[in-house]
Amino acid sequence: MMSEEKQIKDAPKPKPKRPKIPRQPMPEQDAHARAKNFDSVTLGYTMEQAVTEATRCIQCKKPLCVPGCPVAIDIPGFIQLVKDKEFLKAAQLVKQTNLLPAVCGRVCPQEEQCEAVCVLGKKQDPVAIGRLERYVADYEAEHGEIPLPELPSKTGKKIAVVGAGPGGLTVAGDLIQQGHDVTIFEALHKAGGVLVYGIPEFRLPKAIVEREVEYLQRLGVELKLNHVIGKIRTIDQLMQEDGYDAVFIGSGAGLPWFMDIPGENLNGVFSANEYLTRNNLMKAFDFPAYDTPIKKFKNVAVIGGGNVAMDSVRSALRLGADNAYIIYRRGREEMPARTEEIDHAEHEGVKFKNLTAPVRVLGNDEGWVTGLECLQMELGEPDASGRRRPIPIKGSEFVLEMDAVVIAIGTSANPLIAQTTPDLALNRKGYIEVENETTGRTSKKGVFAGGDIVTGSATVILAMGAGRNAANAIQDYLQTGEWWSSNGSAEN
Amino acid sequence: MSFARFSDIVTYAVEKETEAIRFYTEASQQEQYAAAKETFLAFAEEEKKHKALFENLDPQVVANYKFRNIADLKRSDYMVETEHKPGMPYVDILRLAMKREEHAKKFYDDCVALVEGDEQKKLFQMLSQEESKHKLILETMYDDTMAKAGD
């Protein structure tokens, strides 16, 4: 029997513990100051912070973060390059799979994707992958452009991309690099889709989107703005008369839903789409430098609890509202908005009225909004799915004084393309039906679709992932000419 | 309209279900897309089940009918009236159907107070509960869709 002393002597020495480095916080504008301007809320890491954060990555042999990313960025690879201070190389690596890193670094819900599965997250905060992605993209923008990739010789194939949102831009970027001619048809006068009309300047500076679009144009993508497909040309005309070999539809879900309550037609009631488009795309916040007016409202109610609602209510504050409210019928924990956006809104002074449902918009004799009648809600008994749904508390009506109401409760697909393409199958909810999301093949030969027009409103990165999948399927279709009939068999 | 006899009420309820079946079937025929057609046809099928249930009602069935608490989410109750327009979005189709169930339920609830006999009262309560079930199914579908979108 060994003595106790001997045992202690022979026991393996514990490895010296590497001191835990905390997740590096994101520098931000002061909440009080930023609530009055449209400048970026988050300021981005310093080089020191980026390198420190990169050292937290333990470089897993089988990283979970990569499959956690809808476009499968080589996350450990680029983070290692950040650690080595090879920032341009890191940007180059990210751009191999993600055309819009500066965008995704800012608006992707990493906490639900790559960071949600980071091994570090089991015991401490996960690596700030999104913040590092943003850092390398911003570094590249500031310190030099990545040289354009060498393109293969032209194939002679023509691709039409309908919609210059994140899905469409991804498809265009992928297919131009396969040697095809790619033309994007964008209904608005600027490319970017929701990135330019939906997400405010303080969350995503528009110069970043412009830079990414310019990069595509330098690659050779043709951009036709002010082209409403379904009005100027139909999908059939693009294919039969204009010689396009394949079409990708990425026209988004831009048809706003209203509440169908009395008073919704009063002056001062906006869809979030209109409110945000006026401000973001048309730069109403910079009137008269830009020729789009927007009335300064004192009390603004934004209905909804998603990211669009947060963008709207924070814009209302910045446009000079004394009081900006979120009116949400459920509890905070059910809000689909990113936690970061909810926190930012709260810190900036947004007032949250949760478990509150609007039932009537009140107005004056001139037809302008004067108030919002609401009901207090409570959570009912769990239903068969276990969900406790909000139900109104009888007699709990109350009125909030308002002069504007912004409705951000969801959108559906604009029906224009479907109406002018009769053989394009739609699903029950009116979105384009695809074979599956890994191909984006529609019911119409040579036509693919992806992003919100297929899934309903989702995230930028999911639209990009759908674009990547569709681009691969288009390439396959162009090479083989094979299509899939609805019974799953191949046809030519 | 007289609800003096048990059979008067049953006849009326069957007629209302027949009207609902016709409404949804015609709406389906006016839709361009298969998916919207199917949604309306599915609603028509549900009304057919009600019609079949009501056609076979007799006082004994009603006497044995079990009442239970059906949750009322009241999603449609504060909405304005709506009508079918071909091509209307999915959420509007749900709103239309929810509103119809709300009206049917309210009508039967009002009738409970109007009739004298216990048998007639119980029959109207039963009809109201049946409409409440449909309303809850539709409002749950609607609430799920809206919750996901941020409402």
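Rules behind the numbers
Residues numbered from 1 in each chain as written. Chains lettered and ligands numbered in written order. Predicted model: local features only at pLDDT ≥ 70, side-chain atom pairs only at ≥ 80, totals over all residues. Heavy atoms only, no water. Pairing = 2+ DSSP bridges. Helix = DSSP H or I, 4+ residues; strand = E, 2+ residues; numbered from the N terminus. Axes fitted to C-alpha atoms, helices over the stretch in contact; angles between N-to-C directions. Salt bridge = Lys/Arg side-chain N within 4 Å of Asp/Glu carboxyl O. Buried < 20%, exposed > 50% of the residue type's maximum accessible area, 1.4 Å probe, protein only. Domains from an automatic or database assignment. Buried area = accessible area lost by both parts, 1.4 Å probe. Polar contact = N/O pair within 3.5 Å; in protein donor to acceptor, adjacent residues only side chain to side chain. Nonpolar A, V, L, I, M, F, W, Y, C, P; charged D, E, K, R; others polar. Contact = heavy atoms within 4.5 Å.

Some words on the sheet that holds strand β7 (residues 299–303) of chain A
All names here are of chain A.
Now for step 1: Read across the sheet, five strands follow the order β6-β14-β7-β8-β9 without closing on themselves; strand pairing throughout is parallel. Two strands lie at the open edges of the sheet, namely β6 (269–271) and β9 (351–353), each paired on one side alone. Taking each pair of neighbouring strands and ignoring which way they run, the sheet shows an average axis angle of 20°.
Now for step 2: Bridge count between β7 and strand β14 (residues 404–407): four bridges; the pairing is parallel. Bridge pairing in β14 links V300 to A404.

Overview of the pattern of salt bridges
Residues and elements named next belong to chain A.
Now for step 1: Within the structure shown, the criterion is met by 53 salt bridges over all chains.
Now for step 2: Where D311 meets R203, a salt bridge forms, and the shortest distance between an N and an O atom there is 2.8 Å. With D311 in helix α14 (residues 307–318) and R203 in the loop between α10 (194–197) and α11 (206–219), this residue pair connects regions lying 108 residues apart in the sequence. Residue D311 shares its accessibility class with R203, and that shared class is buried.
Now for step 3: Between R389 and D383 there is a salt bridge, with its nearest N and O atoms 2.7 Å apart.
Now for step 4: Relative accessible area serves as the criterion here: at 25%, D383 is assigned to the partly exposed category.

Here we look at the domain arrangement of chain A
Often, the extent of an interface is quoted as the loss of accessible area on bringing the components together.
Residue and element names in this part refer to chain A.
Now for step 1: Once the domains are mapped, chain A shows domain 1 (21–143), domain 2 (158–254 + 413–491) and domain 3 (257–411).
Now for step 2: A combined buried area of about 2,000 Å² lies between domain 1 and domain 2, and 73% of that area is made up of carbon and sulfur atoms.
Now for step 3: At the junction of domain 1 and domain 2, the tally comes to one salt bridge.
Now for step 4: For E212, the salt bridge identified is with K95, shortest N-O distance 3.5 Å.
Now for step 5: Scanning the region where domain 1 abuts domain 2 turns up three residue pairs in polar contact (both at pLDDT 80 or more).
Now for step 6: Among the secondary structure elements, those contributing two or more residues to the side of domain 1 that touches domain 2 are α6 (87–97), α7 (101–107) and α8 (129–143).
Now for step 7: Looking at the side of domain 1 that touches domain 2 residue by residue, the classes come out as 15 nonpolar, four polar and four charged.

Observations concerning the interface of chain A and chain B
Now for step 1: Contact with chain A, which involves 35 residues of that partner, is made by 26 residues of chain B.
Now for step 2: At the boundary of chain A with chain B, total buried surface from both sides reaches about 2,500 Å², with 55% on carbon and sulfur atoms.
Now for step 3: For chain A, the biggest contributors to the area lost against chain B are D260, R389 and R428 of chain A; these three give 25% of the whole.
Now for step 4: For the interface between chain A and chain B, the tally reads six salt bridges.

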